[in-house]
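Architecture and fold: a report
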Amino acid sequence: MIQNYYGSLCTEMYEILHKEAAQDELAFYISYAEKGMSILEPLCGSGRFLIPFLERGFNIFGMDLSEEMLAKLKGKNPNAKVVLGDILTFESKEQYDYIFISSGSVSLFTDMELFKAVLLRLKCLLKKGGKFIFAVDTIANRCPDDLDYKISKCVKTKDGFDLILKSKNNYDEKSHTQFSPSVYELYDGSKLLQREEMDFQTHLYEFGEMEPYLQEAGFTKITVYSSFNKTIAENNETDMFLYECSF
């Protein structure tokens, strides 16, 4: 996960572009929640899902590896129950009724042995009969390979500075990993104020690839959707797979 760490400039751009969750995605994750449930959101980031859950009265706990992301979250809701930490070392006195990881963040695990360990840990944190829900990116999201960095995004910060993202992509067929090294640069006019590099990597899934990992971790009931309206996935012709898992 270190290579996918969200630093200060990355976090700033993420907040500008994705401050609030898309309503169809939020509704999908909320559809599994009930009042009185204990809910866990690993990789909660800056809280675009966690905070709406809190506002609706759900008992939700969050976790993330990025101090910058959690600082944004706490700035929005100081009372949010979140912890800086790693899923593998996270200790909890309770098991959860519902665990979800949103927005394809599971694809950030590109080391598959590490990912298998993460699945085992999440299964241990889930109550029997509880639900584990998550999304992954698919091979339909593969970007064309680039030789050089290109400007992919440019936004204005609240201070009026220009925040620019330059990135390039290379897809490794064997490992299903998309490598997207990125450079964030903050400018005041032509003056460079700050620069941040990120070795961003994602695992892009094919239809049927995930199920053996889930079964090995002990999940026995697995449903795969291709959309937030819970259309059953049938092939690779979708930007995401959504998994509903229990045991």
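Everything numeric here is computed off the predicted structure, so don't read it as measured data. (Residues numbered from 1 in each chain as written. Predicted model: local features only at pLDDT ≥ 70, side-chain atom pairs only at ≥ 80, totals over all residues. Heavy atoms only, no water.)

Mapped onto the elements of the fold, Q201 is located in strand β10 (residues 191-203). Residues Q201 and T110, 91 residues apart in the sequence, show an inter-C-alpha distance of 6.9 Å. Side chain to side chain, Q201 and D199 meet in a polar contact 3.1 Å long. (Helix = DSSP H or I, 4+ residues; strand = E, 2+ residues; numbered from the N terminus. Polar contact = N/O pair within 3.5 Å; in protein donor to acceptor, adjacent residues only side chain to side chain.)

Direction vectors running N to C along helix α1 (residues 8-17) and helix α4 (residues 67-76) enclose 45 degrees, while the axes themselves pass 9 Å from each other. When the axes of α1 and α4 are compared, the pair comes out oblique. In this structure, α1 contributes S8, T11, E12, Y14 and E15 to the contact, and α4 contributes E68, M69, K72 and K76. For the contact of α1 with α4, a count of residues per class yields two nonpolar, two polar and five charged. (Axes fitted to C-alpha atoms, helices over the stretch in contact; angles between N-to-C directions. Parallel < 35°, antiparallel > 145°, perpendicular 65-115°, else oblique. Contact = heavy atoms within 4.5 Å. Nonpolar A, V, L, I, M, F, W, Y, C, P; charged D, E, K, R; others polar.)

This brings us to the side chain of S246. For S246, the position within the fold is in strand β12 (residues 240-246). Under the relative-accessibility criterion, S246 is labelled buried at 7%. Among all residues touching S246, those that are not within four sequence positions of it are G130, K131, F219, T220 and K221. (Buried < 20%, exposed > 50% of the residue type's maximum accessible area, 1.4 Å probe, protein only.)

Within α4 the residues assigned to the buried category are M69, L70 and L73. One side of α4 holds all its buried residues, which, seen down the axis, span an arc of 95 degrees. Turned more than 90 degrees off the buried face of α4, the exposed positions are E67 and G75. Where α4 is buried, its residues touch α1, α3 (50-55), β2 (59-64) and β3 (81-84). (Arc of directions from axis to C-beta.)

On to the sheet that holds strand β11 (residues 221-225). Judged by pairing direction, the sheet is mixed, and its seven strands sit side by side in the order β3-β2-β1-β4-β5-β12-β11 without closing on themselves. One side of each edge strand has no neighbouring strand; the edge strands of this open sheet are β3 and β11. With direction set aside, neighbouring strand axes in the sheet form an average angle of 15 degrees. As paired strands, strand β4 (residues 96-101) and strand β5 (residues 126-137) are joined by five bridges and run parallel to one another. Within β5, the position partnered with F100 by the bridge is I133. Packed onto the sheet, helix α2 (residues 23-30) meets β4, β5, β11 and β12 and runs at close to 160 degrees relative to β5. (Pairing = 2+ DSSP bridges.)

Attention now moves to the nonpolar core. In terms of nonpolar packing, the biggest core is built from 32 residues, with F115, F132, F134, M210 and Y243 touching the most fellow members. Those elements giving two or more residues to this core turn out to be β4, α5 (112-125), β5, α6 (211-217) and β12. In terms of residues, this core owes the most to one element, α5, which gives six residues. Ranked by size, the runner-up nonpolar core spans 27 residues in total, among them F49, L73, A80 and L242. (Core = buried A, V, L, I, M, F, W, Y, C linked by side-chain atoms within 4.5 Å.)

A word on the pattern of salt bridges. Once the charged atoms of two side chains with opposite charge are near each other, the side chains can pair. Under the defined criterion, the tally for this structure stands at 12 salt bridges. The closest approach of N and O atoms between K72 and E12, which form a salt bridge, is 3.0 Å. In this pair, K72 is assigned in helix α4 and E12 in helix α1, connecting sequence segments 60 residues apart. Across the pair K127 and D97 runs a salt bridge, and its minimum N-O distance is 3.2 Å. Taken together, the residues span a long stretch of sequence, with K127 in strand β5 and D97 in strand β4 at a distance of 30 residues. (Salt bridge = Lys/Arg side-chain N within 4 Å of Asp/Glu carboxyl O.)

With that settled, consider the pairing of β2. The pairing of strand β1 (residues 38-42) with β2 spans five bridges and is parallel. Counted as the bridge partner of E41 is G62 from β2. Each parallel crossover has a hand, and for β1 linked through α3 to β2 it is right-handed. One ladder, built from four bridges, connects β2 with β3; its direction is parallel. Note that in β3 the partner of F61 across the bridge is K81. Following the backbone out of β2, through α4 and into the adjacent parallel β3, one traces a crossover that is right-handed. (Right-handed = clockwise from strand over helix to strand, strands pointing away.)

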